[in-house]
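So the chains spell out like this:
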Amino acid sequence: MIRDRTLAAYALRRLANGLLLVAGVTLVSFLLMVWFGPDQTYTLVGKNATPGQIAEVRHELGYDQPFLTRYTRYLGQLFTLDLGTSNSSGEPVIRILKKTVPVTLALMLPGFILGNLLGIALGLTSAQQRGRWADHLINGLAVSGMSLSFLVIIIFLQVLLSTPYGLNLFPVRGWQVTDPGSYLRYVTVPTLSLVLVTLGYNTRFYRAVFVEESGKDHIRTARAFGASNATILWKHVLKNSMVPIITRVMFSIPLVVISGSVLIETYFGIPGVGKVTFDAITSGDQPVLQAVVGLTAVAFVLIQVLTDFVYKLVDPRIA
């Protein structure tokens, strides 16, 4: 009972801090994307517009309203998901996101999960075999993977697996997913690309975490009492490394889903959030950009609050 009350109080404190962070990140997002963002007036009025026409358009866009009014309206749009309409297609932005977010999640999550699981497994193996040939081999491959460009990896795998110059097993572009079989065909090459580009970084990070944990006093004590290597790795090293692992995984989610998807979806022609964001940048579609940037900033804060709560569940000693 006491632990439940302590956990609830901790959750309320983190939630309060999260609300302050939301206010901060949305303010920065508003300043960059709206207040100091591109002025669409002259794009809409065209050439040789009269001062009256310009003033009318600025009034319709809300540019003549004070800072606090525009910021409050921006917050209302984010929290009610009333995000306006796309300048390019005239479609409501929320409808665009409802169509594209599931595609991006289905595309990126397999590679994200596999990249982290393989990174943990290789990091544990490397830490256990520290200084031996297996450690040197894993480190060498990790560094080699880190030195390769994401685009180079995508092009290599696409030529190897999706063209007549290679094995020609998977589609080159597009996203015609109707069943599990078609999903596997379209997701395989992007998943392999994401795994290869993230595996080196993940392996090096997790190895460093496990090596540091392996050198602590309680690990030496466990070895002195005759604990097996498997017990030490799984029961002590991995368990006590959960906080940095959770941090790595949780804070990678928005980065992988947004930044990683921009390149993959644009290159493979997949209609997800990344491609929509890239198209909005190239066309100057301000409502779409505002929605993506603002919601991503809020997602970062929510993930931080959730991460702090998971920390407390994993390690009750955290204050």
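See the structure above.
Notes on the structure follow. Quantities reported herein were computed from a predicted structural model and do not represent experimental measurements.

**Some words on a nonpolar patch on the surface**
Stage number 1. Side chains of Val-101, Leu-105, Leu-109, Ile-113 and Leu-117 sit close together on the surface and give an oily, nonpolar patch of about 400 Å² of accessible area.
Stage number 2. By secondary structure assignment, the location of Leu-117 is in helix H5 (residues 93-128).
Stage number 3. The exposure class assigned to Leu-117 is exposed, which follows from its relative accessible area of 53%.

**Some words on the pattern of salt bridges**
Stage number 1. Applying the stated rule across the entire model yields 5 salt bridges.
Stage number 2. The partner of Glu-91 in a salt bridge is Lys-99, with the nearest N and O atoms 3.0 Å apart.
Stage number 3. Taking relative accessible area as the criterion, Glu-91 reaches 17% and is therefore assigned buried.
Stage number 4. Accessibility expressed as a relative area gives 48% for Lys-99, which makes it partly exposed.
Stage number 5. As a salt-bridge pair, Asp-279 and Lys-275 come within 3.2 Å of each other at their nearest N and O atoms. In this pair, Asp-279 and Lys-275 are both assigned in helix H12 (residues 273-283), 4 residues apart and thus about one turn of the helix distant.
Stage number 6. According to the relative accessible area criterion, Asp-279 is partly exposed, its value standing at 34%.

**Details of the environment of Ser-182**
Stage number 1. Here Ser-182 lies in helix H8 (residues 180-214).
Stage number 2. Considering only alpha carbons, one finds Ser-182 and Phe-170, 12 residues apart in sequence, at a separation of 9.8 Å.
Stage number 3. When residues no more than four places from it in sequence are discounted, the contact partners of Ser-182 are Gln-176 and Val-177.

**A closer look at the side chain of Glu-91**
Stage number 1. Residue position: Glu-91 is located in the loop between helix H4 (67-80) and H5.
Stage number 2. If near-sequence neighbours (up to four positions away) are discounted, Glu-91 is found in contact with Thr-85, Ser-86, Ile-96 and Lys-99.

**Concerning the packing of H5 against helix H10 (residues 229-240)**
Stage number 1. Running from amino to carboxyl end, H5 crosses H10 at an angle of 125°, the nearest separation of the two axes being 12 Å. Judged on the interaxial angle alone, H10 and H5 are oblique. As H5 runs across H10, the sense of the crossing is right-handed. Packed against H5, whose contacting residues are Ile-120, Leu-124 and Gln-128, the element H10 presents Asn-229, Leu-233, Trp-234, Val-237 and Leu-238 at the interface.

**As for the nonpolar core**
Stage number 1. Ranked by internal contacts, the top residues of the largest apolar core, which has 20 residues, are Leu-107, Trp-175, Leu-194 and Ile-264.
Stage number 2. At the level of elements, H5, helix H7 (150-162), H8 and helix H11 (242-268) are the ones that each hand at least two residues to this core.
Stage number 3. Setting aside its immediate chain neighbours within four residues, Leu-194 contacts Met-108, Gly-111, Phe-112, Phe-150, Val-256 and Ile-264.
Stage number 4. Grouped together as the second largest cluster of nonpolar side chains are 16 residues, Tyr-71, Leu-83, Ile-96 and Ala-291 included.

Cut-offs and rules
- Residue numbers here run from 1 along each chain, matching the order of that chain's written sequence.
- In view of the model being predicted, local features appear only for residues whose pLDDT reaches at least 70, and side-chain atom pairs are presented and counted only at 80 or more, with totals across whole chains, interfaces and linings using the full set of residues.
- In computing side-chain values, all of the structure's heavy atoms are included and hydrogens and water are not.
- For patches, a residue must show more than 30% relative accessible area and have no salt bridge; joins then use 9 Å for like charges and 5 Å for nonpolar side chains, namely Val, Leu, Ile, Met, Phe, Trp and Tyr.
- Per-residue and other accessible areas were derived by the Shrake-Rupley procedure at a 1.4 Å probe size, with only the shown protein chains allowed to occlude residues.
- Each reported salt bridge corresponds to a side-chain nitrogen of Lys or Arg within 4 Å of a carboxyl oxygen of Asp or Glu.
- Under the DSSP-based scheme used, a helix requires at least four consecutive residues in state H or I and a strand at least two consecutive residues in state E, with every element numbered from the N terminus.
- The buried label goes to any residue with under 20% of its type's maximum accessible area, the exposed label to any with over 50%, and the partly exposed label to all in between, with areas taken from a 1.4 Å probe on protein chains only.
- Pairs of residues are marked as contacts when any of their non-hydrogen atoms sit within 4.5 Å.
- Fitted lines through C-alpha atoms give the axes, limited to the stretch in contact for helices. The angle between two N-to-C directions lies from 0 to 180 degrees.
- Angles below 35 degrees are treated as roughly parallel, those above 145 as roughly antiparallel, those between 65 and 115 as roughly perpendicular, and all remaining angles as oblique.
- Left-handed describes a crossing whose near helix is turned anticlockwise from the far helix through less than a right angle; right-handed describes the clockwise counterpart.
- Here, the term nonpolar core denotes a set of buried Ala, Val, Leu, Ile, Met, Phe, Trp, Tyr and Cys residues that are joined through side-chain atoms within 4.5 Å.

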